[in-house]
Each structure stands twice: as structure tokens, then as C-alpha cells.
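The residues making up each chain are set out below.
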Protein chains: 2
Amino acid sequence: MNRQAPTLEDVAREAGVSRATVSRVVNGVRNVDPAIQDLVRLAIERTGYAPNRAARSLVTRRTGTVALVVSGAGDTSEQEQNAFAARVFADPFFGRVVGGVVGFLRPRATHPVLMFAESPEARGEVLRYLRQGNADGALVVSTHPDDPLPALLADAGLPAVLFARPVRPVALSHVDLAHWDGGRLAAERLLARGCRKVATVSGPWAVAASQERLAGFRDTMARGGHPYVPVAEGGFTLDSGVAAMTGLLAEHPDLEGVFAANDLMAQGVCQVLRERGRRVPGDVAVVGFDDSSVAATCRPPLTTVRQPVEDMAAAMARLLDEHIRGLRDEPASVLFEPELVVRESA
Amino acid sequence: MNRQAPTLEDVAREAGVSRATVSRVVNGVRNVDPAIQDLVRLAIERTGYAPNRAARSLVTRRTGTVALVVSGAGDTSEQEQNAFAARVFADPFFGRVVGGVVGFLRPRATHPVLMFAESPEARGEVLRYLRQGNADGALVVSTHPDDPLPALLADAGLPAVLFARPVRPVALSHVDLAHWDGGRLAAERLLARGCRKVATVSGPWAVAASQERLAGFRDTMARGGHPYVPVAEGGFTLDSGVAAMTGLLAEHPDLEGVFAANDLMAQGVCQVLRERGRRVPGDVAVVGFDDSSVAATCRPPLTTVRQPVEDMAAAMARLLDEHIRGLRDEPASVLFEPELVVRESA
DNA sequence: CCGAGGGCATAGAGCGCTCTCCCGACCCCA
DNA sequence: TGGGGTCGGGAGAGCGCTCTATGCCCTCGG
């Protein structure tokens, strides 16, 4: 970068061949004499050559970069943008997404650019970024059902893959979890433990996943002879879990089991129960959702419905890669199955 | 990206001016007749033009991208790389770093590329990435004192800024916290509460910050008339906090105050204390460090030494920006002051 | 012995942009 | 009115790479 980086031309001169030959050696090789290959490789070594990506992507029209976009709802103010980023990262869920994405991209010499799109300007920035060819496509994790970004990307014809099926249909690939089955697993666990009086802390109503988890839970409870299940709506945060549980416990002091739609809320549920003198799982069994890191470190460790986030993120990256390489034209969707992880809380 | 994106040439034709003029308008430089400016802007609007970044950075030698590198110790195996990413993100600390960095970069139309450098190959990848001109510089957060990456970057003459002063001196700018003062604040708080028997759970010995926090704490306690302070070494994780506190409590059952070198460990300390029947802060006062998100959500909420991570991260980004733009030649260091945040635990 | 054919290398034309000249028009003042 | 200065715009040379077209040479069939 600093003092005149060596160019293909320099290497060619050093090796006594032409620029094109060096280029062939550097990239996947097409018929180059092995002796010359070695010669070139030696010259590359000696000059410390590193291909300039700008020049390369100028002609290949590929950047080896994808945008990893966390997009929010509508219209966050300038001041809140930092907070948004911090909040997103505070959720252990997102770390797993990054882990899965990086795991897939790394062997493909591709790198994720982190972007936040929680305001109209930020969304415009994402679109511009892609249209300028800064990145080949976008992996989008929406934190809000009304997120307009997917539609914008689809309209612009930009390659993109979503985490979770969008509420409004959009012509983009996505990966998702069989949330209904997750709810079912939680219900089955509580039923198997013999819990009679059972309640649930759901995710936000507007989020499709919340509704599906809830439906799976309720349907299964009903089938198991418990047609009525009190529900309190939470917001996927610890605080909201505390609030929801406080309300539930006030109305139903005799609860024996609780299903919280994510681990953070389950943690809040446990806190409230303990503060109210209930033992978990002795008096009340608690099932969480996600199998995030808190599930294991929480006291007591949470029995939870595992969402294979890393695999899902990797699948996202794979789908995007296929779209970018033109191997896939039509939007596809990949559905993952949840799994019950039994620890101590239920 | 898809069907022939419009080029500068197209816009120029549309506006009836030359390529150079359009370029001038786009970059907002030099004297261009306002009337023509409007003309060009209209043409840009009509064609939907977006400057191709590859072409631009080919000539400017700038990418508008910086690498945000989380670098680990030595030689992590391929399988553990995902885990590394997940672990890093599980630490709420890192989310704050990202928030601060993004906050600074965003107005400057710069974006962070996320990279993990926890193995020799990964480190090579980072260097190559920078030397290829994929990014203009690197923001490095080391998770291990023996991290060789800073030296590699310095040797390669690549612009980079570190979070925390490296153990071995390296010719790179960095930001850091006055850790000694942080330890002092914690000690002063415990002294002010009248705690007699006090212990501390330190961070890993190898980490300079741990030693400084410890020194500040001990020196201040000594000055306050408590020359002997039992220490247990932790690893900045919740589990290590639990283990350390278990040991301390066994040897010193009469403890009245504990300083843990980060909030995660403080949380572990509180768990152990509660399980052993001690009330916090009634029986034992606990002071944490960082003021991370767990400090507020923990039960009880932690009194802690605040590290202004977002500001520090922003300062890192600013330093890097100055290095990249050539405004700053010599390595600089910026030191931040910690601050006591009083909640309930002490 | 000659021409066809194939492996291997080179030449050279861009990719889309910036930026340095350079030139024409206009202004000011003598 | 003319000379020097300034301002606004155009022409064109690359930036470093890929890739197609082309050419060389060696082998082999006729």
C-alpha cells in the first residue's frame, strides 16, 4: 500500500514472462508450463507481490465481499444508531450468526462488511453500497417485521438472502426455522414432566416466528389436554421477560411450567420466579428457546429449544454465494428443524 | 450490478458534458458552473448512476473500508474458529466496540470488514487483505497478550490502531484506559462502605490491564490501611469468576467486599455468594469493571467501574482515519479515564 | 517434406474512474 | 485595446488487472 506495491508487470519482468502468464499462474491455472509456473511463483515470492483487488474487481465485476446487514424497523434517530448497534450485539444470537457466516465465507476468501440499516438514510446507504459494487450481495437479518429493506433489495435486483421468512412476500431467498415444531417440543417437554398449569411468554406478536412458536406450543398443549394457556407478550429482552412473568404470576400463582419464546426472556422468568420464592425446576419448570449462550450460563442452566443458528447462517451465506455466482436464479428457502436441549430448568 | 450499470460516460452523454465534469460534480470538487452542476445532477438522477468503487479506488488508492480485526492468541484449529467468533461476540464488550466504531465511520462513508485472526493462516489472510488494498487500515482488538498480529502489521507498514497498549512495544497507535485509576475507584468505593475484609478476582495475569487494575486496587487499599488483599486469578469469563470466588470464600469466609476485574466475573461472584447464603450487598459488597450490559441486568445490578468503550472505539477509528489520510505519522496513544457507576451491589 | 493442429505464451484492448495538463473565454487594469 | 490572470471545462493518460485474439513452435499424419 505504501511505497509502490509491486504490480503484475513487475513480477512479469522479474520472471521474464508476460503479464498475462503471471496472471494465469496467480489465478486458477490454465495450461502453463510447470517450469514457468515455478519461475513465476519464485518471482512473486521475491517481489512480495499481492494482486490489487480494485483492479481485479474492476474487470471481474466481483469483490469477494458481502454485506452483513442488520436492519431495523423504521426511523431511528441519529443518536440511537450507536445504541442500535450495541443492542444488536448484546444479543448473543447475533454472534452466532456472525460465526456461521464467517465459517462459510472464510474458505471462499470472502469477507463480511458489517452494516446497520435502521433508518431510511442507512437503508439508502446499503443500497448504494451494493449498487456501487462494494459488495456482491447482502445477508440480511431483520429485527423488525416491517423492515422495508428486503423489498428494496428485491426491487433493485440485488442478490440478497434473508434470515427468517419475511412477513410480506418478497422475491428473495431465505432460511428459517420450523418454529411451530419448536413450540411443540417445548410443550411436549412440559407435558412429559407432568406440568398441569402452564403459561407462556411469547415474542412480539408482530413477529411471525413468535406466532408460530406460540401456535405450536398451544396446539400441542391442547392436544395434551390443556386447551387454555395464558400468554403474556414479551419483546425478546430480559426486561420484557421479567415484566411478562411478573404479570403472569400475579394472575396465576399456581403455575407449574413456563415456556418463554427465547432464552433471554426465560432468564427473566427464572429471576422473577426465584424472587417470588419458587424453585426452578422444583416448583416451576421453565423452557427457553434458541439455546443461546445464556442458556448454559444461566442459573439454573436452561432446558431450551435449540435453533441451529450457525448452520442457518452458513446456509444463508451458501444461498447468497449461489445467487452471486449465477448458479441459482429463483429465490429458494431452507427450513431447519429445532431440537430440544435438556438441561436443568425443565 | 446486473444489467450494465450506467457509467460516468453515460451520464456525461446524457448531460452533454465531459466525463471529467461529471466526476467533478460527483466528488464535489472545484469550480463547476452551478447551472451545469444541476444539469449533471439531473442526468445522474435520470440514469440512476452510482460510481463504481473498484474503478475509483484503483486510482485513488483508497477503499473506504477498514478491517475490524479480532485477533486471538496463537494457533486455533480450524474447527474452533467458529467457536472463537461466537465467543468473541458473546462478550458484550465487543458489541460496544462495534457500536463505537460504526458511529465514527458511518458519517465518513467508511465501512468495517469483520475479520478474525486467531490462527497463523488467518493472520496471513489479514495481512494479505490489507496489502491487496481491500481495506485502508486495521482496527485491532487483541484477546490475548501474546498476539503477534500488531507486530506483523507494524512491520508491514500497514496503518493500524490497537485497542489497549500491547505488552511488547509496537510502533502502532492505540487507545487505552487508565486501568490503575479504575482499580483505585473500586477500592475507594469499598473503603467508603467500610468494608474491612476485602478480596479481589483479577483478570489473567498475562494481561497488562489486569495487573494495572490490581495494582490500583491494592495500592489504594494499602493506603487505606489494608495492606493485605487476597487475590484469585480469573479469566474474564463468568465461569472463572465462579471458580475464583469459590476458592476465595473457602479461605476467607468472612469477606465483606470483593472487586472483580470485569462484570462477567462479578456476576459469577454474586452467584457464588448468593448460593453460599451471603446477601449482596448486605453481607458482601461487590464491585465490577466495564459497565457492560450485564452490569445493569444482573441481580443485583452491579456497582462497577465504567470503561467508556464506545468512546474508546471511536477514538481508535479516528486515529486510524488520521493515519490513513496521512495527517498523522507517528504512533499516538489516547488514554481514557474510568468512572465509578454506583448501582446496588456496592 | 509439408500442412494441420494443439499446447503455451504474448500483445493489447479495455474495465470505470481520477487527475493533470491544456485551452478557450472572460475580466481587470493599464 | 492589449496583456496577464482566473475560471470553467475538455482531452487523454493512466491505475493494475483479466481475457480474447493471435502467434509461435513443436509434433504428427499424410
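Residues numbered from 1 in each chain as written. Chains lettered and ligands numbered in written order. Predicted model: local features only at pLDDT ≥ 70, side-chain atom pairs only at ≥ 80, totals over all residues. Heavy atoms only, no water.

- Chain A is annotated in an unreviewed UniProt entry as LacI family transcriptional regulator from Streptomyces malaysiensis subsp. samsunensis.

1. Notes on the overall build of chain A
Line of reasoning, step 1. Counting secondary structure elements, chain A contains 14 helices and 12 strands.
Line of reasoning, step 2. The principal-axis extents of the C-alpha atoms in chain A amount to approximately 85 × 40 × 35 Å.
Line of reasoning, step 3. Carbon and sulfur atoms form 50% of the exposed surface of chain A, whose accessible area is close to 14,600 Å².
Line of reasoning, step 4. One way to put it: in chain A the 38 positive side-chain charges average out to a point 4 Å from where the 41 negative ones average out. (Helix = DSSP H or I, 4+ residues; strand = E, 2+ residues; numbered from the N terminus. Areas by Shrake-Rupley, 256 points an atom, 1.4 Å probe, with all protein chains shown as cover. Lys, Arg positive; Asp, Glu negative; His and termini not counted. Charge placed at Lys NZ, Arg CZ, Asp CG, Glu CD.)

2. Regarding the protein's contact with DNA strand D
Line of reasoning, step 1. Around DNA strand D, the structure places 28 residues, and the nearest of them are Leu 8 and Tyr 49 of chain A together with Thr 21, Asn 31 and Arg 61 of chain B.
Line of reasoning, step 2. When atoms of DNA strand D within 4 Å of the protein are split into backbone and base, the sugar-phosphate part holds 63%.
Line of reasoning, step 3. For DNA strand D, a base oxygen lies 3.3 Å from a polar atom in the side chain of Arg 19 of chain A.
Line of reasoning, step 4. Thr 21 of chain B is positioned with one of its side-chain polar atoms (N or O) 2.3 Å from a phosphate oxygen of DNA strand D.
Line of reasoning, step 5. Elements that contribute at least two residues to the surface near DNA strand D include exactly α2 (19-26) and α4 (53-60) of chain A together with α2 (19-27) and α4 (53-60) of chain B.
Line of reasoning, step 6. Taken together, the residues of the surface near DNA strand D sort by class into 13 nonpolar, 8 polar and 7 charged. (Near = heavy atom within 4 Å. Polar contact = N/O pair within 3.5 Å; in protein donor to acceptor, adjacent residues only side chain to side chain. Nonpolar A, V, L, I, M, F, W, Y, C, P; charged D, E, K, R; others polar.)

3. Regarding the packing of helix α1 (residues 8-15) of chain A against α2 of chain A
Residues and elements named next belong to chain A.
Line of reasoning, step 1. The geometry of α1 relative to α2 is characterised by a closest axis approach of 8 Å and an angle of 105 degrees between their N-to-C directions. Taken together, the axes of α1 and α2 are roughly perpendicular relative to one another. Mapping the contact onto sequence places Leu 8, Glu 9, Val 11 and Ala 12 in α1 and Arg 19, Val 22 and Ser 23 in α2.
Line of reasoning, step 2. Each residue belonging to the contact of α1 with α2 can be placed in one class, and the counts come to 4 nonpolar, 1 polar and 2 charged. (Axes fitted to C-alpha atoms, helices over the stretch in contact; angles between N-to-C directions. Parallel < 35°, antiparallel > 145°, perpendicular 65-115°, else oblique. Contact = heavy atoms within 4.5 Å.)

4. Here's the deal with the protein's contact with DNA strand C
Line of reasoning, step 1. Not every one of the 27 residues close to DNA strand C is listed here, only the nearest: Thr 21, Arg 24 and Arg 61 of chain A together with Leu 8 and Tyr 49 of chain B.
Line of reasoning, step 2. Put simply, 65% of the atoms of DNA strand C that lie within 4 Å of the protein are in sugar or phosphate.
Line of reasoning, step 3. Between Ser 23 of chain B and DNA strand C, the recorded distance is 2.7 Å, taken from a side-chain N or O atom to a phosphate oxygen.
Line of reasoning, step 4. Asn 52 of chain B is positioned with one of its backbone polar atoms (N or O) 3.1 Å from a phosphate oxygen of DNA strand C.
Line of reasoning, step 5. Looking at the surface near DNA strand C, the elements that each hand over two or more residues are α2 and α4 of chain A together with α2 and α4 of chain B.
Line of reasoning, step 6. In terms of residues, the surface near DNA strand C owes the most to one element, α4 of chain B, which gives 5 residues.
Line of reasoning, step 7. Of the residues belonging to the surface near DNA strand C, the class tally is 13 nonpolar, 8 polar and 6 charged.

5. Topic: helix α3 (residues 34-47) of chain B
Residue and element names in this part refer to chain B.
Line of reasoning, step 1. For α3, spanning 14 residues, the distance from its first C-alpha to its last is 20 Å, which sits close to the expected 20 Å at 1.5 Å a residue.
Line of reasoning, step 2. Among the residues of α3, Val 40, Ala 43 and Ile 44 are the ones counted as buried. Angularly, the buried residues of α3 cover 100 degrees about the axis, an arc narrow enough to put them on a single face. Along α3, exposed side chains directed more than 90 degrees from the buried face belong to Pro 34, Ala 35, Asp 38, Glu 45 and Arg 46.
Line of reasoning, step 3. Looking at the packing, one finds that the buried side of α3 touches α1 (8-15) and α2.
Line of reasoning, step 4. You can read the cap of α3 off the contacts: a side-chain oxygen lies 2.8 Å from the backbone nitrogen of Ala 35, and it is on Asp 33. (Expected span 1.5 Å × (residues − 1). Buried < 20%, exposed > 50% of the residue type's maximum accessible area, 1.4 Å probe, protein only. Arc of directions from axis to C-beta.)

6. Quick notes on the pairing of strand β1 (residues 65-71) of chain B
All names here are of chain B.
Line of reasoning, step 1. Most of β1 is tucked away: 7 of the 7 residues are buried.
Line of reasoning, step 2. Pairing between β1 and strand β2 (residues 111-117): 7 bridges, direction parallel. Across the sheet, residue Thr 65 finds its bridge partner in β2, namely His 111.
Line of reasoning, step 3. Two elements, β1 and strand β3 (residues 138-142), share 5 bridges in a ladder whose sense is parallel. Note that in β3 the partner of Val 69 across the bridge is Val 140. (Pairing = 2+ DSSP bridges.)

7. Section: the nonpolar core
Line of reasoning, step 1. Counting residues in hydrophobic clusters, the biggest one holds 98 residues, and the most contacted among them are Phe 94, Val 97 and Phe 116 of chain A together with Val 97 and Phe 116 of chain B.
Line of reasoning, step 2. Beyond its immediate sequence surroundings of up to four residues, Phe 94 of chain A is in contact with Leu 68, Val 70, Val 88, Phe 89, Leu 114 and Val 141 of chain A. (Core = buried A, V, L, I, M, F, W, Y, C linked by side-chain atoms within 4.5 Å.)

8. Comments concerning the interface of chain A and chain B
Line of reasoning, step 1. Listed per partner, the contact involves 51 residues of chain A and 50 residues of chain B.
Line of reasoning, step 2. Note that Glu 275 of chain A is salt-bridged to Arg 299 of chain B, the shortest N-O span being 2.4 Å.
Line of reasoning, step 3. Scanning the region where chain A abuts chain B turns up 18 residue pairs in polar contact (both at pLDDT 80 or more).
Line of reasoning, step 4. Elements supplying a minimum of two residues to the side of chain A that touches chain B: α4, α5 (78-90), α6 (92-105), β2 (111-117), α7 (120-131), α11 (238-251), α12 (263-275) and α13 (293-297) of chain A.
Line of reasoning, step 5. Within the side of chain A that touches chain B, the residues separate by chemical class into 24 nonpolar, 19 polar and 8 charged. (Salt bridge = Lys/Arg side-chain N within 4 Å of Asp/Glu carboxyl O.)

9. Focus: helix α6 (residues 92-105) of chain B
Line of reasoning, step 1. Between its first and last C-alpha, α6 of chain B extends 20 Å over 14 residues, near the 20 Å set by a 1.5 Å rise per residue.
Line of reasoning, step 2. For α6 of chain B, the buried fraction is high: 13 of the 14 residues fall into the buried class.

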